[in-house]
Amino acid sequence: MTGSSPEASEDALSRLDTTVAHSARVWNYLLGGKDHFAADRETGDLILQMFPGIAQLARLQRRFLVRAVSYLAGEAGIRQFLDIGTGLPTADNTHEVAQAIAPESRIVYTDNDPMVLVHAKALLTSAPGGATSYIEADVRDPDAILDEAARTLDLSQPVALVMLGILGQLPDSDKPHALLRRYLDALPPGSCLALCDGTDTSSALNEAIAVYNQNSASSYHLRSPEQIGAFFDGLTPVPPGLVPASQWRNDSEDTVEPAEEDATICGVGFKQ
């Protein structure tokens with residue numbers, strides 16, 4: 001499903017389950033957004049009690065998105081972005097950052113939360129000369145996503161595959177490394193991966209995520225830095241390589257304070 005027609009939004013609203021927390025809405029709550037329900041806030045508050053730094057990690061991941069897309073649209077010259085696991089719109093969405101640098105940029109967003117579809121109109125405000133589109137689909141269906149994305153993107157030209165926090169939502173039984181490879185294999189040389197995920201290096205975060213998994217419709221799977229690093233096998237990392245979100249090409253103008261415990265790993269890697 002693409003677009004955000006009134007019919008699509010009405011259908012999405014009918015499929016919303018507001019009685020159970022959902023990752024996109026909990027993340028929106030942690031980022032200070034307004035698109036969440038009581039179950040999302042209750043789960044978010046539980047996590048905050050156990051790991052107060054989680055809201056800061058959410059902001060740091062968002063800042064990584066801004067820095068990565070700015071680098072890709074600017075210095076790297078990328079003009080196409082496939083953002084999978086988009087989440088609810090907030091400030092500095094991928095198309096806003098990319099098109100502020102290169103208005104001709106083309107962006108495809110993908111998520112499987114009906115709430116995101118309801119708000120997809122905010123993701124479809126393309127600059128003249130560029131394009132944006134939205135696909136309601138599951139990351140575990142790469143064929144459907146790539147086929148639909150090809151309506152907006154030229155998959156014979158380099159594409160930035162943006163995956164923030166989405167592979168952590170897949171258990172090992174879903175074979176996330178092999179799944180990611182299916183996406184990358186479909187993209188030409190010069191394409192790249194921009195990825196950020198949570199690590200299992202903090203005992204407090206491990207306990208908080210265990211509580212989240214007990215109270216959410218979905219689950220999150222923290223992995224070791226080495227396991228996350230394996231997602232970049234065969235890719236050429238952009239300096240500074242794979243580092244915590246607070247350390248990736250940060251500069252003195254960044255207004256987000258570093259987290260006391262930055263249990264994230266992020267990076268950008270190019271396909272040769």
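Residues numbered from 1 in each chain as written. Predicted model: local features only at pLDDT ≥ 70, side-chain atom pairs only at ≥ 80, totals over all residues. Heavy atoms only, no water.

(A) Spatial organisation of the overall build of the chain. The helix and strand tally for the chain stands at 10 helices and seven strands. A globule of 272 residues ought to have a C-alpha radius of gyration of about 19 Å, and the chain, at 17 Å, matches this closely. By its C-alpha atoms, the chain is 45 × 45 × 40 Å across when sized along the principal axes. Pairs at least 24 apart in sequence give 75% of the contacts found in the chain among residues at least 6 apart. Each charge sign in the chain was given a centre, from 19 positive and 37 negative side chains, and these centres are 4 Å apart. (Helix = DSSP H or I, 4+ residues; strand = E, 2+ residues; numbered from the N terminus. Rg over C-alpha atoms; globule rule 2.2 N^0.38 Å. Contact = heavy atoms within 4.5 Å. Lys, Arg positive; Asp, Glu negative; His and termini not counted. Charge placed at Lys NZ, Arg CZ, Asp CG, Glu CD.)

(B) Local environment of the sheet that holds strand β5 (residues 192-198). A sheet is described by the order of its strands in space; here seven strands give the open sequence β3-β2-β1-β4-β5-β7-β6, paired in mixed fashion. On the outer flanks of this sheet lie β3 (131-136) and β6 (236-237), each paired with one strand and no other. Sheet topology places β5 next to strand β7 (residues 264-270); seven bridges connect them, and they run antiparallel. Across the sheet, the residue bridging to Ala 194 is Val 268, located in β7. (Pairing = 2+ DSSP bridges.)

(C) Broad picture of the state of the cysteines. Tallied over the full model, the rule gives zero disulfides. We note that Cys 192 lacks a disulfide partner, and the nearest cysteine sulfur, in Cys 266, lies 13 Å from it. A residue is classified by how much of its surface remains accessible, and Cys 192, at 1% relative accessible area, is buried. Here Cys 196 is not cross-linked by a disulfide; its sulfur's nearest cysteine counterpart is in Cys 266, at 4.6 Å. (Disulfide = S-S within 2.5 Å. Buried < 20%, exposed > 50% of the residue type's maximum accessible area, 1.4 Å probe, protein only.)

(D) Region of the structure containing the packing of helix α3 (residues 38-50) against helix α9 (residues 203-215). Where α3 meets α9, the axes come as close as 9 Å, and the angle between the chain directions of the two elements is 165°. With respect to α9, the element α3 is oriented roughly antiparallel. For the pair α3 and α9, the crossing hand works out as right-handed. For the pair α3 and α9, the contacting residues are Thr 43, Leu 46, Ile 47 and Met 50 in the first and Ala 204, Glu 207, Ala 208, Val 211, Tyr 212 and Asn 215 in the second. Across the contact of α3 with α9, the residue classes break down as seven nonpolar, two polar and one charged. (Axes fitted to C-alpha atoms, helices over the stretch in contact; angles between N-to-C directions. Parallel < 35°, antiparallel > 145°, perpendicular 65-115°, else oblique. Left-handed = near helix turned anticlockwise from the far one by under 90°. Nonpolar A, V, L, I, M, F, W, Y, C, P; charged D, E, K, R; others polar.)

(E) Summary view of the pattern of salt bridges. All chains considered together, the criterion is met by nine salt bridges. The shortest N-O distance in the salt bridge between Arg 79 and Glu 104 comes to 3.0 Å. Of the two residues, Arg 79 sits in the loop between α4 (54-73) and β1 (80-84) while Glu 104 sits in the loop between α5 (94-101) and β2 (106-111), which places them 25 residues apart along the sequence. A salt bridge links Arg 223 to Asp 172, with the nearest nitrogen and oxygen atoms 3.0 Å apart. Here Asp 172 lies in the loop between β4 (160-164) and α8 (176-185) and Arg 223 lies in the loop between α9 and α10 (225-229), a separation of 51 residues in the sequence. The exposure class assigned to Asp 172 is exposed, which follows from its relative accessible area of 54%. Ionic contacts of the salt-bridge type, sharing partners, join the residues Asp 138, Arg 140 and Asp 174 into one network. (Salt bridge = Lys/Arg side-chain N within 4 Å of Asp/Glu carboxyl O.)

The values are spatial; any link to function lies outside them.
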